[in-house]
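Per-entry structural report
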Amino acid sequence: MNIIINNSSMQPIYEQIVAQIKAKIMNGELKEEVMLPSVRALAKELKVSALTVKKAYDALEAEGFVVTVHGKGSFVTLASQALMLEEKKKEVEADMDMAVRKGKSCGMSQEELLELFQIVLEE
């Protein structure tokens, strides 16, 4: 599995794994019922602790992206469209939050930000 770990990132390694697997599921690269690599295999491939990968898989399962079948492995589950849509909405919200912060940091007023938002919406 093509996952890139950035050891100099402030984001914990397990969160990097979670984010990249979720992205692969959401963009259709990993389809429903596809088996993820075993915890040990992915840990060896990424050169990280098996506990780190286990924590990532547990987080993915808690969020409904994978299901683990004891003795068989972890599989991409049919993440409901609502769940995937909610993830996309969270990304949009984070992007908008960052844009508002940038605008405010350079002195833009709320009215200017709203006007700019309207202009962008019309394009």
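As the structure is a computational prediction, the values presented were derived from the model and not from experiment. (Residues numbered from 1 in each chain as written. Predicted model: local features only at pLDDT ≥ 70, side-chain atom pairs only at ≥ 80, totals over all residues. Heavy atoms only, no water.)

1. Comments concerning the pairing of strand β2 (residues 73-76)
Only one face of β2 is covered, namely the face carrying Ser74 and Val76; the face carrying Gly73 and Phe75 is uncovered. As paired elements, strand β1 (residues 66-69) and β2 share 4 bridges and run antiparallel to each other. Within β2, the residue paired with Val67 across the bridge is Phe75. (Buried < 20%, exposed > 50% of the residue type's maximum accessible area, 1.4 Å probe, protein only. Helix = DSSP H or I, 4+ residues; strand = E, 2+ residues; numbered from the N terminus. Pairing = 2+ DSSP bridges.)

2. Quick word on the packing of helix α1 (residues 13-26) against helix α3 (residues 50-62)
Two numbers describe how α1 lies on α3: the axes approach to 8 Å, and their chain directions differ by 45 degrees. As far as their axial angle goes, α3 and α1 are oblique. Regarding α1 and α3, the two cross each other, and that crossing is right-handed. Two secondary-structure elements touch here, α1 through Ile13, Tyr14, Ile17, Val18, Ile21 and Lys22 and α3 through Thr52, Val53, Lys55, Ala56, Tyr57, Ala59 and Leu60. The class makeup of the residues in the contact of α1 with α3 is 10 nonpolar, 1 polar and 2 charged. (Axes fitted to C-alpha atoms, helices over the stretch in contact; angles between N-to-C directions. Parallel < 35°, antiparallel > 145°, perpendicular 65-115°, else oblique. Left-handed = near helix turned anticlockwise from the far one by under 90°. Contact = heavy atoms within 4.5 Å. Nonpolar A, V, L, I, M, F, W, Y, C, P; charged D, E, K, R; others polar.)

3. Quick notes on the layout of surface pockets
Taken as a whole, the largest pocket spans an internal volume of roughly 320 Å³. As for the largest pocket, its lining consists of Met96, Ala99, Val100, Gly103, Lys104, Met108, Gln110, Leu113, Leu114, Leu116, Phe117 and Val120. Contributions of two or more residues to the lining of the largest pocket are made by α4 (81-105) and α5 (110-122). Of the residues belonging to the lining of the largest pocket, the class tally is 9 nonpolar, 2 polar and 1 charged. For the second largest pocket, the calculated volume is near 160 Å³. Forming the walls of the second largest pocket are Pro37, Ser38, Val39, Lys54, Tyr57, Asp58, Glu61, Thr68, Gly73 and Ser74. Elements that contribute at least two residues to the lining of the second largest pocket include exactly α3 and β2. Ranked by residues supplied to the lining of the second largest pocket, first place goes to α3 with 4 residues. (1 Å grid on protein atoms, 1.4 Å probe; cavity = no way out; pocket = protein on both sides within 12 Å on 5 of 7 lines; lining within 4 Å. Points joined across faces, edges and corners; volume = space filled by probe spheres on them.)

4. Examining the packing of aromatic side chains
Geometrically, a pair of aromatic rings is defined through the distance of the ring centres and the angle of the planes. Summed over the entire model, instances satisfying the criterion amount to 0 aromatic pairs. Its guanidinium or amino end placed over the ring of Tyr14, Lys55 lies 4.3 Å from that ring's centre, counting from NZ or CZ. (Phe/Tyr/Trp six-rings, centres within 6.5 Å; stacked < 30°, edge-to-face > 60°. Lys NZ or Arg CZ within 6 Å of the ring centre and 35° of its normal.)

5. As for α1
Since the α-helix packs 3.6 residues into each turn, any two residues three or four apart lie on the same face. An ideal rise of 1.5 Å per residue puts 20 Å on 14 residues; α1 measures up with 20 Å between its terminal C-alpha atoms. Every buried residue belonging to α1 is among Gln16, Ile17, Val18, Ile21, Lys22, Lys24, Ile25 and Met26, and all of these are buried. Immediately beyond the C-terminal end of α1, within one or two residues, lies Gly28, with a positive phi of roughly 85 degrees. (Expected span 1.5 Å × (residues − 1).)

6. So, the environment of Phe117
Mapping Phe117 onto the fold places it in helix α5. Take Phe117: its relative accessible area is 38%, and that puts it in the partly exposed class. Distance from Phe117 to Met96, taken between C-alpha atoms, is 9.7 Å for residues 21 residues apart in sequence.

7. What to know about the side chain of Lys22
With respect to the secondary-structure elements, Lys22 resides in helix α1. The buried category is assigned to Lys22, whose relative accessible area is 14%. Within the structure, Lys22 has its side chain in polar contact with the side chain of Glu63 (distance 2.8 Å). (Polar contact = N/O pair within 3.5 Å; in protein donor to acceptor, adjacent residues only side chain to side chain.)

That's the geometry; what it means functionally is another story.
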